[in-house]
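Summary of the model geometry
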Amino acid sequence: MTTTATTATTETHGRKRLGTLTIGQAPRADIAPILDAALPEGVECLHLGVLDGLSREEIAARYAPRADAPLLVTRLLDGSSVTLDKAAVRRDLDGKLAELQTRGCQVVLILCTGEFHGLDLDPAWLVEPDRIVPPAAAAIAGDRQVGIVVPLPQQAASEAGKFAMLAKPPICEAASPYADGLDALERAAVALRDRGAQVLLLDCMGFTEAHRRAAARASGLPVILSNALIAKLTAELLA
């Protein structure tokens, strides 16, 4: 895979170009290896982030969490995490998506599993994980109980609606791929197993293969890694 700088022009020189949009800062060093492993050779990547170029003070001023409002958590370039107001993030997604299309991306992937409404691109192909992961998990799980690991405790309620298609209401535990260590994830995985989960879903793009292995080892259950699933499906559009 060929990675371009964020200043790339709209000229693609006949190559296929994938645009990625993180709600944090780009590029995402944690997700890039998973994309690299899935994408065909020769695909150019252009990475943008909602928080690109912003200081922590500016981020706090524009995206500060509000009491009892849905939240998102993401990664900054320095590897630290930040919690954001979901509605404020949604407000700025359209402009960033349009920029990726203008700069020649035929496929645009959102690097967030949060549920967003009303996003649209034409003619670029928009890949929204929140539209893919829940039905895929439902199809894989069948009548089995799904246990979901979310980054923030509040997301167990705010993001539950997108999993309404599961045969059984999901059970959730929280462990952040950014702020918590593998031991926290292992505890969450064991807790879900003990509560009756038969398959686990790591519902954040920040979870990596190391997280998947830790959750599977601790729980003894199959573990679905959201970003690996999305990367493989996105690769099919670029093959």
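What counts as what
- Residues numbered from 1 in each chain as written.
- Predicted model: local features only at pLDDT ≥ 70, side-chain atom pairs only at ≥ 80, totals over all residues.
- Heavy atoms only, no water.
- Helix = DSSP H or I, 4+ residues; strand = E, 2+ residues; numbered from the N terminus.
- Rg over C-alpha atoms; globule rule 2.2 N^0.38 Å.
- Buried < 20%, exposed > 50% of the residue type's maximum accessible area, 1.4 Å probe, protein only.
- Contact = heavy atoms within 4.5 Å.
- Lys, Arg positive; Asp, Glu negative; His and termini not counted.
- Charge placed at Lys NZ, Arg CZ, Asp CG, Glu CD.
- Pairing = 2+ DSSP bridges.
- Axes fitted to C-alpha atoms, helices over the stretch in contact; angles between N-to-C directions.
- Salt bridge = Lys/Arg side-chain N within 4 Å of Asp/Glu carboxyl O.
- pLDDT = per-residue confidence, 0-100.

The name given to the chain in an unreviewed UniProt entry is AroM protein, with the source organism recorded as Bordetella genomosp. 10.

Attention shifts here to the overall build of the chain. Summing up its helical and strand segments, the chain has eight helices and eleven strands in all. The C-alpha atoms of the chain give a radius of gyration of 17 Å, which matches the 18 Å a tight globule of 239 residues would have. For the C-alpha atoms alone, the extent of the chain along its principal axes is close to 55 × 40 × 30 Å. Residue burial in the chain is summarised as follows: out of 239 residues, 53% are buried. Restricting the contact set of the chain to residue pairs at least 6 apart, pairs at least 24 apart contribute 69%. In the chain, 24 positive and 29 negative side-chain charges are present, and the distance between their average locations comes to 3 Å.

Here the residue pair alanine 26 and proline 27 is connected by a cis peptide bond, since its omega of 0° sits within 30 degrees of zero. Inspection of the secondary structure puts proline 27 in the loop between strand E2 (17-22) and helix H1 (32-38). Across the junction of aspartate 122 and proline 123, the peptide omega takes the value 15°, indicating a cis bond. Note on placement: proline 123 falls in the loop between strand E6 (107-111) and strand E7 (125-127).

We now examine the sheet that holds strand E10 (residues 199-202). Strand order in the open sheet made by the four strands is E9-E8-E10-E11, with parallel pairing throughout. A strand with exactly one partner marks an edge of an open sheet, and here the two such strands are strand E9 (171-174) and strand E11 (223-225). When the angles between neighbouring strand axes are averaged without regard to direction, this sheet yields 25°. Sitting on the sheet, helix H6 (residues 182-194) is in contact with strand E8 (146-150), E9 and E10, with an inclination near 160° to E9. Its contacts with the sheet put helix H7 (residues 209-219) on E10 and E11, and the angle it makes with E11 is roughly 170°.

So, on to the pattern of salt bridges. Summed over all chains, the structure comprises 14 salt bridges. The closest approach of N and O atoms between aspartate 85 and arginine 66, which form a salt bridge, is 2.8 Å. One end of the pair, aspartate 85, is in strand E5 (residues 81-85); the other, arginine 66, is in the loop between helix H2 (56-63) and strand E4 (71-75), with 19 residues separating them in the sequence. Judged by relative accessible area, aspartate 85 falls into the buried class, the value being 4%.

Right, let's talk about the confidence of the model for the chain for a bit. Mean pLDDT over the chain: 92, with 94% of residues reaching 70 or higher. Residue range residues 1-12 is modelled with pLDDT below 50. Its contacts to residues more than four positions away, or to other chains, number 37 contacts.

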